[in-house]
Each structure stands twice: as C-alpha cells, then as structure tokens.
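# Descriptive structure summary
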Amino acid sequence: MLSSREGIRWPDSTSLRLRGELRSTDIDGLPDGARVLSLFLVNERRPLERDRDLNFIFQVKLTMRYAAGFLARPNRRGESADDSDQRVLALMFRDRFEWAVGHNTSVEAPKPDDDGEVRELRTTQLPRHEVRDVKHEAVPGIVTEMERLAQLDGVGLGRALSPLVEAYEGWIEKQRRAQLDRDELEQTRDGLMGEADRVRDRMREGIQLLATDDEVRESFQIANRAMHIQALQADKWREDKRYTKGKKPKWRPFQLAFVLINLASVADPADKDRRVADLIYFPTGGGKTEAYLGLIAYTLILRRIRGKARPDEGRGVAVILRYTLRLLTLDQLGRAATLMCALEELRRRKPKLLGNTRFSVGLWVGKSATANRLKEVHQTLHDFTPGRTDSPFPLPTCPWCGADIKIHNIKLVDAKGKPSKTKYIRAVVYCDDRDCLYTERKRPGQGLPVLFVDEQIYKELPDFLVATVDKFAMMPWRGDAGMLFGRASHLDDGRAYGVMHDPPKGARPLTQGLYPPELIIQDELHLISGPLGTMVGLYETAIDYLCARKIDGETRVPKVVCSTATVRRAREQIRALFQREMAIFPPRGINDGNNFFSTINDKDPGRMYIGVAAPGRALRAVSVRTYATLLAAAQKHFDPKGALDQPADPYMTLVGYFNSLRELGGMRRLVEDEVRTRVADFADGGYAKRPHYFVGPHPWAANRKLTLPAELTSRESTDRIKETKQRLGARRADPNTNKERGGEPLDVVLASNMISVGLDVDRLGLMVVTGQPKTSSEYIQATSRVGRNYPGLVVTCLNASRPRDRSHYERFVAYHESFYREVEATSVTPFSIQTLQRGMVGTLLSMIRHGILEMAGPTGMMHLHDNRSRADKILEALVTRGRKHREWYDDDAEKRIRDELRARGKHFLDAWERVVERANTATVNRTYSVMDRARDEGTSVMFTATDDPPDDLDERRFMAPTSMRDVEPNTHIWIRFAQLDERR
C-alpha cells in the first residue's frame with residue numbers, strides 16, 4: 001500500500017498520506033534479506049490565496065517502531081583503500097553507524113534497548129549531537145611537574161620518566177591483542193602499532209640521552225624551569241587561575257613525550273630522525289602549543305650552551321615558528337614572548353653558561369601588522385592626529401606582567417640606550433607597571449625582549465622568529481633576509497653585520513658566519529594547502545637549502561615539526577612541502593580518541609551542536625531568529641550582580657561565523673537593526689514571546705540592550721583586531737575591571753575563517769554558524785573556538801535550498817559522530833607548471849643570492865658569470881627537490897619534471913648573464929631590488945606581476961612575487977551585452 005499512488009491515509013486528518021517504498025538491499029555489512037524503507041508524509045491540501053498557513057502542517061514528527069529491531073547501516077568505506085588515511089579512519093570509526101536519513105528533516109540519535117537492539121527511530125526538526133572533549137590520561141609513577149624535572153639529575157630523570165615508556169609499551173600490547181572482525185582492520189592495526197613501537201623507542205632514547213649527555217640534560221632542566229616560570233607568569237593575569245591551592249605547572253603526558261622523542265634529533269644533526277617531520281596531531285585546545293614551546297626552549301638553550309666556546313656564541317636565529325594568518329601569529333606571539341622573558345631572566349642569572357646577549361623573539365610579518373623600518377615607527381609615535389590611539393607594537397599587554405602597553409611605552413633609542421628623535425637605532429618597549437621586570441628603570445635601553453620592526457630584526461637577529469609563511473616571499477627582494485639564515489660576517493655585543501652593513505672596527509669577524517636555524521615549526525599544517533600551500537612548498541626549497549649546513553662533508557638539514565588538529569594525506573603533503581618523511585605523534589590507536597595519552601571524556605559536557613533549517617524560508621530569516629532567541633535566552637540566566645564566572649557568562653557573547661565576507665556584511669546590518677529590534681520586541685510583546693501566564697515586563701529580554709557588533713575579518717586593522725580580542729575576554733559582570741583594561745564586553749562578534757585558528761579565548765561558549773562551511777576541517781576548527789573551559793553550544797543554521805547544506809542537515813547526527821572522518825584531503829602541487837611560472841624565479845634568486853656570499857649584496861647579481869658553476873649546482877638542488885617531492889608512477893613523468901625544471905632554470909640563468917653582459921658593456925651596474933635601497937648603485941631588475949614589465953625580454957624573466965597570496969596580475973574585464981542568439 002505504501003508504494004501505491006494512494007499510499008496510506010493518515011488517521012483523523014484531511015489530505016495527509018504516507019507513501020513510501022520497501023526494497024531489498026545488498027549494502028556491504030548487512031545480512032542477507034535486509035531491506036530499506038523510504039517513508040514520506042505528503043500534504044495534498046491545495047494552497048490557499050489567503051491565510052495560506054491554514055493548509056500547512058507544522059512541527060511534524062514521525063516515530064517508527066519495529067519489534068524485531070532496526071539494522072544499522074555500516075560504513076566500511078576505505079577498509080581496503082590504497083590510501084593509508086582511509087584505512088586508519090575505517091578502523092577508528094568502525095563502530096559508528098547510521099540508522100536513518102531524513103528527507104527535508106533530520107533524525108534523532110536512537111537509544112538502544114537493554115538488549116542492544118534499536119526498536120524506535122524518530123525524526124526531528126532540531127537535530128543535536130554532543131561532541132565530547134578528550135581528557136588527558138594520567139600515567140602512574142611519572143613526574144610531570146616542570147619544577148621537579150628541572151631539579152633531577154640524570155639518574156633521577158631516568159626513574160621519573162621511565163614509567164611513561166613502560167605504560168606506553170603495555171598499551172601497545174593491549175591494542176595488539178584486541179579482537180577485530182576483519183583481516184583488513186587487523187592489518188591496519190598492525191601498521192599503527194609499528195608506528196607506536198618507534199615512538200616508544202624514541203622516548204627511551206631520549207631518556208637515555210638525558211642520562212649520558214650533560215649538555216642535553218642541562219638544557220632540558222633549564223627548559224623545564226623556563227616553562228615553569230612562564231606558566232606561573234601567564235597565570236597571574238588569567239581570570240580563571242589554574243595554579244591555586246598548591247597546584248604547580250606540569251606537563252601533560254603527551255607534551256612530555258613529544259619533547260623526549262625530539263631530544264636526540266635536535267641535539268644531533270646526524271640523527272636518523274633529523275630528516276623526519278614530526279606531526280603533532282591532537283584536537284584543538286589539547287596543548288599542542290605548549291608541547292612545541294617546550295621543544296623550542298630546549299633548542300635555544302642547547303644552542304647557547306654549545307656556542308659559548310665558538311666565535312658566534314650560539315647567537316642568530318635558531319628557531320622559526322610559522323603561521324598562515326595574522327590573527328594566529330599575533331595570538332601566539334604573546335605566548336612566545338612570555339617564554340622568552342622567562343629565558344631571559346634565567347640567562348641573567350647564568351651569563352657564563354648562556355651568554356651575555358639577551359634572548360629575544362622577533363615578529364616577521366606583513367607591513368599591515370608591523371613596521372618595516374624604524375622611520376615608520378617614528379612617524380607613528382609622532383602622529384598627533386586627534387583620537388588616534390593605535391600602537392605599532394603588536395602586543396596589547398606586557399607578556400611578563402599583563403599590564404597594558406600604551407603607545408608612550410614605545411621608545412626609539414640611540415646606541416647608548418637613550419631616547420632620541422634623530423639618532424635612533426633601535427625600538428624599545430617598556431612596561432609601566434613598577435613591579436614589572438621590564439620597566440625603563442630596570443631594563444634601560446633594553447625593555448621587553450620582543451623585536452617587531454624588520455630593520456631591527458635583521459640587525460639584532462632574535463633567537464626565535466615568529467613569522468607568516470608568505471613573508472618568506474621577500475627573501476630575494478631583501479639582501480638583509482640572508483641574515484636570518486646565518487649569513488653574517490661580523491658580530492658585536494649588540495648586533496650582527498652582513499653584506500648590507502658596514503661593521504665597525506670593534507666588531508668580531510665570523511669566518512663561518514652564524515649557524516642557520518636548526519628547528520622549523522609549521523603550525524596549523526592543514527592551512528598550508530591549495531594555492532598558498534603550493535607556493536609555500538616551492539619557496540620551502542630555498543628555505544631548506546639556506547638552513548642546511550655542511551658537517552664532516554655531509555649536508556645536515558634543520559629539524560621540522562608540524563602541528564594540526566585536522567588533516568588528511570599529511571604524509572604526501574609533508575613530502576611535497578618539506579621533502580621529509582612524516583611521523584604522526586601521538587600514533588593513533590584502534591579507537592577514535594584513544595591514543596594512550598588521551599581518551600574521550602564521557603563524564604564532562606563537551607560541545608553541543610544543534611542544526612537549524614527551515615525549508616521555504618531564507619537563510620537570513622532563520623539566522624535573525626536564531627540570533628535573537630539565543631541572545632534573549634542567555635540574558636534569562638545572567639545575573640548582572642552575580643559572580644564573574646557565573647554559568648551564563650560564556651553565553652552572553654555570541655560569535656557568528658560566516659563562509660564569506662559578503663554573507664557577513666549582510667548579517668552585520670541585520671544584527672545592527674533587525675536582531676536588536678526583535679530582541680526589544682520580545683520585551684514589548686511584539687512577537688508574543690512572553691512566557692505563559694506572565695504579567696509585567698519580559699523577565700529577561702527587557703534587560704538585554706544590545707551594543708553594536710564587532711568584526712574579526714581580514715578587512716579589520718591589526719589594532720582593531722587586538723581590541724576585539726581583548727573585549728572577547730571581558731566578563732559581563734565586571735564593568736570596572738573591563739574599563740581599566742580598555743575593553744567593554746561584546747554582545748555579538750561576526751567572524752570569517754580568520755578565527756578558524758588562533759582565537760584562544762577560554763571564556764567563549766556560544767557560536768552560530770551560518771551555512772555549512774566549505775570543508776569539514778574549517779567547520780571543526782572554527783567551532784572548536786568555543787567550549788574550551790565551559791560547555792559549548794554551536795548552532796548551525798543551514799540553507800535547505802542548497803543541496804550540500806540540506807545533506808548535512810538530514811544526516812546531522814551521523815556526520816557529527818564522525819566528522820573527523822569527513823576531513824577532506826589537502827592538495828599541494830609546488831612543482832606544477834603554473835606554480836613554476838609564478839614562483840620559480842623568486843625561489844632560485846633566493847637560493848643564489850643568499851647561498852653565494854659574493855652575490856648577496858645589492859650589486860651581487862653582476863657576479864653571476866664568475867659564479868655560474870655554483871649557480872648551476874644550486875639549480876640542480878632545485879631539480880632534485882622537484883624529482884623527490886612526490887611519488888612518481890612512471891619514469892616518463894619524473895623525467896618531464898626534471899627536464900622542465902632544468903630547462904627553465906638554464907634559460908633564466910642565461911638571460912641573467914645577458915642582462916649583466918649588456919650592463920657591463922654600458923659600464924653601469926644593475927641591482928636586485930628597489931627594496932635594497934641602493935638606487936645610487938644601479939637600476940633594479942626585479943619587478944612584480946602588477947608592475948609594468950620592462951621592454952627587454954631577458955629582464956622580463958626577473959618577475960617575482962612579494963607575497964605568496966597575491967600572485968596574479970590585475971585582469972580587466974569588459975562586459976558586452978548581446979542577444980542570446982547573436983552570432984559571434
């Protein structure tokens with residue numbers, strides 16, 4: 001009857017019928033005879049011209065019951081796939097099933113009966129699923145307190161850390177003995193346990209190294225002390241104190257294990273794991289940053305200890321930490337700066353061990369975030385435009401004490417450290433808090449160990465460089481950039497000198513230069529994909545080449561560490577980017593969320609996801625009602641005179657997430673007008689939302705007075721972003737403190753994918769996502785910004801008219817149960833023809849200019865003929881990189897890329913020689929770039945895609961980008977209107 005045209009009439013109704021189809025299926029994993037039921041409720045009432053709602057049906061809900069029990073549809077996708085990631089995901093999510101799929105509706109998660117059978121399924125218009133957080137497992141017997149680890153000797157460290165290895169070995173054996181249903185799953189499990197065996201062995205090697213190598217042990221001890229100090233300092237101005245009632249900073253076991261497995265590969269350039277890129281793969285908010293900060297501290301200290309007997313004193317850039325987004329870079333700079341303050345205080349106590357030059361961190365990003373030259377800082381400091389309060393310093397607060405940094409805290413000083421308006425050579429930032437260690441009285445001429453001006457970074461060379469990836473496109477444009485890779489010729493107590501500088505008489509010569517960076521950390525690896533990742537991969541050839549050094553005739557490369565919470569095909573991505581083998585840490589187990597170091601937290605609330613879709617209604621209308629309802633509901637539970645940490649506070653600020661600036665801009669106007677009006681009308685009764693039988697003003701909406709929304713998007717200035725981030729942390733019940741800190745609490749913040757990474761505000765608890773984001777990775781990353789310290793609520797407003805949004809709504813629960821399985825693979829093609837056209841010249845110029853000392857200066861390009869053989873060898877290094885960046889399935893493909901790279905490089909070098917030859921004939925010099933500020937020495941040859949190309953065909957080959965994002969020239973489009981049937 002269901003499949004007939006008439007269907008089944010719904011009892012006690014007019015023109016409502018059930019129709020459907022029951023058919024057999026052969027889905028893999030279901031028993032023989034299994035059948036699939038499709039069921040529809042059809043409204044056959046005729047639409048009315050007036051009072052149309054009379055013939056609609058609202059709040060429809062279907063419940064199906066079957067005494068024998070429904071069958072779950074297994075998802076065996078990927079169990080036998082060639083892709084290792086698919087096999088691992090199939091193993092980890094083998095117990096996640098889908099019971100039903102909605103049609104213009106969604107389905108509740110079923111509740112099994114006591115015997116495990118599911119006998120009832122229900123539809124719902126508001127599907128929900130709670131994604132649980134992970135909890136860090138304690139390991140009995142190990143010492144994780146940083147202060148204690150800093151005090152133990154080699155034997156003591158062995159006793160304190162060995163239980164970690166033993167417990168991990170026991171977990172591995174338990175995983176190996178677990179029963180699995182199919183051979184394919186067991187083979188995948190065996191491969192994962194092989195990876196875990198390697199991690200166990202590396203942990204054991206690290207512990208053994210602590211016992212046998214005095215320099216490694218001392219570096220580890222001091223690094224622990226520095227991490228202990230920076231954790232306590234950061235906690236002093238944190239509202240939710242972590243270290244109270246005797247609690248002390250301690251490592252999470254996975255963080256400590258990560259440091260241990262990398263001790264040897266950082267200490268020994270010849271270690272077998274030096275060419276392995278370790279990928280920290282852990283959920284957002286799990287502590288990845290602290291893990292690699294600990295490794296950074298160890299690397300910096302070990303370099304200083306080993307360098308104290310060398311002419312270079314262990315100075316120079318030792319660590320490069322790279323991000324992709326401005327917001328992420330600025331946010332992480334604060335953590336890095338606090339660590340550097342702690343290291344600097346320890347150095348001042350032990351100058352004989354750690355040197356007389358201070359530890360410092362430098363921010364090397366785009367001009368929109370920091371100044372390129374001290375002259376620009378001078379102009380900002382002396383800009384007295386009424387109402388201007390923006391500061392050139394990227395941090396809003398002191399990284400040591402948390403006091404606000406104002407523009408008057410920034411001073412330009414001369415060689416003696418005295419403020420100067422004309423003879424300044426450095427920018428110094430002091431703290432106003434008299435109890436802080438970095439006041440002008442206590443640190444005259446030094447201030448905070450944070451460098452933020454490019455000109456100063458090239459001279460003082462911070463030990464730790466925080467940068468955006470696309471900044472490295474400036475390598476061929478600036479001769480100073482070689483200083484970051486150790487290309488220095490002289491050194492004194494305050495700075496280094498290279499080919500762009502005139503060293504004074506007292507400077508000490510460096511015959512071997514400085515050591516290049518030894519550790520490169522790429523955070524948020526999943527963002528290094530697509531067009532940006534492709535360009536990064538090509539320029540990474542130059543970075544890796546410039547960071548390598550010869551030791552005993554062998555080329556030794558820097559250690560590479562990556563981190564992410566969402567990634568697919570990371571092995572191929574890392575090979576294409578860094579030409580490294582990959583090792584995931586922690587290795588995954590056979591169940592989702594269980595990797596020994598962490599398990600799923602089933603006790604505490606996680607993040608509740610709720611789906612909202614309204615067929616027939618515009619997405620904006622759905623969003624407006626969602627915003628208004630949530631904002632009013634939060635006020636219901638909020639007490640303005642209550643405690644700062646009252647349960648309602650995290651939900652008093654709504655974060656709105658959008659897939660495009662166009663959608664965000666439209667919603668901003670609605671929030672400023674319609675949402676505010678609708679909330680006000682709740683109070684006035686205009687929308688009849690007053691609680692039943694309630695008399696008087698609306699009990700909660702009457703007190704919700706919305707302020708204008710703020711934005712976190714790329715179109716906002718750096719200063720506005722800093723201000724918005726500060727206001728996001730402001731408590732609603734603390735107006736006095738908020739005013740002192742310069743930030744009133746926010747009601748609504750509208751954000752783009754800028755917040756997908758780097759927005760670490762523990763207070764946030766409420767987010768509305770408008771439209772399903774383009775990728776699952778983006779969805780996971782963005783929604784993980786809320787619910788870190790409190791239960792999170794994420795409401796996803798979906799557009800039922802978009803097939804992709806509707807699919808996510810109809811499968812809402814099943815998708816969220818395993819959305820890490822749905823993360824899309826990333827694509828990086830650094831040696832494609834289009835990429836070579838845009839970036840090969842910039843890459844090759846970077847390698848030649850900074851790799852051959854005689855060619856590094858502004859006019860160094862004139863010396864190509866004398867160094868052609870060396871340039872050819874550099875070209876071969878680029879060709880080799882192109883051949884090895886991926887796995888080739890036929891020899892012809894590898895030969896084609898080899899020949900293409902070699903031909904392009906040779907043609908460019910030949911053209912370069914002809915340009916130099918013509919310049920010599922005309923008895924003039926040519927320079928690399930206008931950015932070298934050497935116009936008196938000759939005309940520059942480099943230009944960008946947006947510049948007018950030179951007339952000389954050979955010179956046209958010197959086009960190179962200044963950013964890895966803006967790589968296309970402007971394109972003019974003329975629109976011509978014509979009839980559809982007009983012949984063209």
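Values in this document were obtained by computation on a predicted structure and should not be read as measured data.

## Focus on the overall build of the chain
Regarding its fold elements, the chain presents 23 helices and 32 strands. Since a compact globule built from 984 residues should have a radius of gyration of about 30 Å, the 31 Å found for the chain is in line with a globular shape. Its C-alpha atoms give the chain principal-axis dimensions of roughly 100 × 75 × 70 Å. The burial tally for the chain puts 55% of its 984 residues in the buried class. Sequence-distant contacts in the chain: of pairs separated by 6 or more residues, those separated by 24 or more amount to 73%. With the model as given, the accessible surface of the chain reaches about 45300 Å², and the carbon-plus-sulfur share is 48%.

## So, the pattern of salt bridges
Per the stated rule, a full pass over the model turns up 80 salt bridges. Between Arg217 and Asp214 there is a salt bridge; the shortest N-O distance is 2.6 Å. On the criterion of helical spacing, the pair formed by Arg217 and Asp214 is a turn pair, its members being 3 residues apart in helix α5 (residues 214-236). Judged by relative accessible area, Arg217 falls into the buried class, the value being 15%. Among the ionic pairs, Glu540 bridges to Arg322, the shortest N-O distance being 2.8 Å. Taken together, the residues span a long stretch of sequence, with Glu540 in helix α12 (residues 530-547) and Arg322 in strand β10 (residues 319-323) at a distance of 218 residues.

## Some details on the side chain of Glu460
With respect to the secondary-structure elements, Glu460 resides in helix α11 (residues 454-460). Classification of Glu460 by relative accessible area gives buried; the value is 16%. Within the local environment of Glu460, its side chain forms a polar contact with the side chain of Arg426, the two groups lying 2.6 Å apart. There is a polar contact of 2.8 Å between the side chain of Glu460 and the side chain of Gln456.

## Description of the domain arrangement of the chain
Domain parsing of the chain yields domain 1 (8-124), domain 2 (606-799) and domain 3 (833-957). Here the C-alpha centroids of domain 1 and domain 3 sit 61 Å apart.

## Re the environment of Tyr809
Inspection of the secondary structure puts Tyr809 in helix α19 (residues 803-810). Along the backbone, Tyr809 and Met203 are 606 residues apart, and their C-alpha atoms lie at a distance of 45 Å. Dropping the residues within four chain positions of it, Tyr809 is found in contact with Asn104, Thr105, Ser106, Thr124, Gln125, Pro127, Gly611, Val612, Ala613 and Leu798. A polar contact of 2.8 Å, which involves the side chain of Tyr809, links it to the backbone oxygen of Gln125.

## With respect to unusual backbone geometry
Geometrically, the link from Phe585 to Pro586 is a cis peptide bond, its omega value of -10 degrees lying close to zero. In this structure, Pro586 sits in the loop between β23 (581-585) and β24 (598-600). The backbone phi angle of Asp12 is positive, close to 55 degrees, even though this residue is not glycine. Note on placement: Asp12 falls in the loop between β1 (8-9) and β2 (16-24). Taking the relative accessible area as the measure of exposure, Asp12 reaches 81% and is therefore exposed. Here Lys245, not a glycine, exhibits a phi torsion of approximately 55 degrees, which is positive. Secondary-structure assignment places Lys245 in the loop between α5 and α6 (253-267).

## Things to note about the packing of α5 against helix α7 (residues 288-307)
The contact between α5 and α7 brings their axes to 8 Å, and the two run at 130 degrees. The pairing of α5 with α7 is recorded here as oblique in orientation. The chirality of how α5 crosses α7 is right-handed. Residues Glu215, Val216, Glu218, Ser219, Phe220, Ile222, Ala223 and Met227 of α5 pack against Glu290, Leu293, Gly294, Ala297, Tyr298, Ile301, Leu302, Ile305 and Arg306 of α7. Split into classes, the residues belonging to the contact of α5 with α7 amount to 11 nonpolar, 2 polar and 4 charged.

## What to know about the packing of aromatic side chains
Tallied over the full model, the rule gives 24 aromatic pairs. Three or more aromatic residues joined by ring pairs form one cluster here, namely Tyr168, Trp171, Phe258, Phe585, Phe596 and Phe597. The ring centre of Trp888 lies 4.5 Å from the NZ or CZ of Arg886, which sits over that ring.

## Here we look at helix α1 (residues 84-92)
Taken together, the buried positions of α1 are occupied by Asp85, Val88, Leu89, Ala90, Leu91 and Met92. Tucked into the core, α1 has its buried residues touching α4 (183-212) and α13 (570-578). Near the N-terminus of α1, the side chain that reaches the backbone nitrogen of Asp85, with its oxygen 3.1 Å away, is that of Asp83.

## Quick notes on the packing of α12 against helix α22 (residues 868-884)
Two measures define how a pair of helices packs: the angle their axes make with one another and the distance between the axes. Direction vectors running N to C along α12 and α22 enclose 120 degrees, while the axes themselves pass 10 Å from each other. Between α12 and α22, the interaxial angle falls into the category oblique. Along this stretch, α12 crosses α22, giving a crossing that reads as right-handed. Contact with α12, carried on its side by Glu540, Thr541, Asp544 and Tyr545, involves Ile874, Ala877, Leu878 and Arg881 of α22 and no other residues of that element.

## Things to note about the sheet that holds strand β5 (residues 106-107)
Strand order in the open sheet formed by 3 strands is β4-β6-β5, and the pairing between neighbours is antiparallel. Looking at the sheet topology across the chains shown, the edges are occupied by β4 (63-70) and β5. As judged from the 2 bridges shared by β5 and strand β6 (residues 118-124), these two strands associate in the antiparallel manner. For Ser106, the partnering residue across the bridge sits in β6 and is Thr124.

## Quick notes on the pairing of strand β15 (residues 464-468)
In terms of residue burial, β15 counts as a mostly covered element, since 5 of its 5 residues are buried. Of the two faces of β15, the one holding Phe464, Val466 and Thr468 and the one holding Leu465 and Ala467 are both buried throughout. Pairing analysis gives 5 bridges linking β10 to β15, with the strands arranged parallel. Along β15, the bridge assignment pairs Leu321 with Val466. Inspection of the sheet shows strand β11 (residues 361-364) paired to β15 by 4 bridges, in the parallel sense. In the strand pairing of β15, Leu363 is matched with Val466.

## Quick word on the environment of Ile8
Looking at where Ile8 falls in the secondary structure, it is placed in strand β1. Note on Ile8: relative accessible area 34%, which makes it partly exposed.

## Quick notes on the sheet that holds β11
Pairing is parallel across the open sheet formed by 8 strands, whose spatial order is β14-β11-β15-β10-β19-β22-β9-β23. Strand pairing shows two members of the sheet lacking a second neighbour, β14 (450-451) and β23, which therefore form its edges.

## Comments concerning the side chain of Thr188
Positionally, Thr188 belongs in helix α4. At a separation of 3.1 Å, a polar atom in the side chain of Thr188 contacts the main-chain carbonyl oxygen of Glu184. Not counting residues up to four positions away in its chain, the partners in contact with Thr188 are Arg87, Val88 and Leu91.

## What about the state of the cysteines?
Enumeration over the complete set of coordinates arrives at 0 disulfides. Cysteine Cys436 shares no disulfide, and the gap to the nearest cysteine sulfur, in Cys398, comes to 3.8 Å.

## Things to note about the environment of Leu712
Relative to the helices and strands, Leu712 is located in strand β27 (residues 710-712). A sequence separation of 56 residues divides Leu712 from Gly656, and the C-alpha atoms of the two residues are 9.9 Å apart. Excluding residues within four positions of it along the chain, Leu712 makes contact with Ile721, Thr724, Lys725, Leu728, Val749, Leu750, Ala751, Ser752, Met754, Ile755 and Leu759.

## Some points on α13
A turn of α-helix holds 3.6 residues, and therefore any two residues three or four places apart point the same way. Those residues of α13 that sit buried are Ala570, Gln573, Ile574, Ala576, Leu577 and Phe578. Taken down its axis, α13 places every buried residue within 165 degrees of arc, on the same side. Immediately beyond the C-terminal end of α13, within one or two residues, lies Gln579, with a positive phi of roughly 50 degrees.

Basis of the calculations
- Residues numbered from 1 in each chain as written.
- Predicted model: local features only at pLDDT ≥ 70, side-chain atom pairs only at ≥ 80, totals over all residues.
- Heavy atoms only, no water.
- Helix = DSSP H or I, 4+ residues; strand = E, 2+ residues; numbered from the N terminus.
- Rg over C-alpha atoms; globule rule 2.2 N^0.38 Å.
- Buried < 20%, exposed > 50% of the residue type's maximum accessible area, 1.4 Å probe, protein only.
- Contact = heavy atoms within 4.5 Å.
- Areas by Shrake-Rupley, 256 points an atom, 1.4 Å probe, with all protein chains shown as cover.
- Salt bridge = Lys/Arg side-chain N within 4 Å of Asp/Glu carboxyl O.
- Polar contact = N/O pair within 3.5 Å; in protein donor to acceptor, adjacent residues only side chain to side chain.
- Domains from an automatic or database assignment.
- Axes fitted to C-alpha atoms, helices over the stretch in contact; angles between N-to-C directions.
- Parallel < 35°, antiparallel > 145°, perpendicular 65-115°, else oblique.
- Left-handed = near helix turned anticlockwise from the far one by under 90°.
- Nonpolar A, V, L, I, M, F, W, Y, C, P; charged D, E, K, R; others polar.
- Phe/Tyr/Trp six-rings, centres within 6.5 Å; stacked < 30°, edge-to-face > 60°.
- Lys NZ or Arg CZ within 6 Å of the ring centre and 35° of its normal.
- Pairing = 2+ DSSP bridges.
- Disulfide = S-S within 2.5 Å.
- Arc of directions from axis to C-beta.

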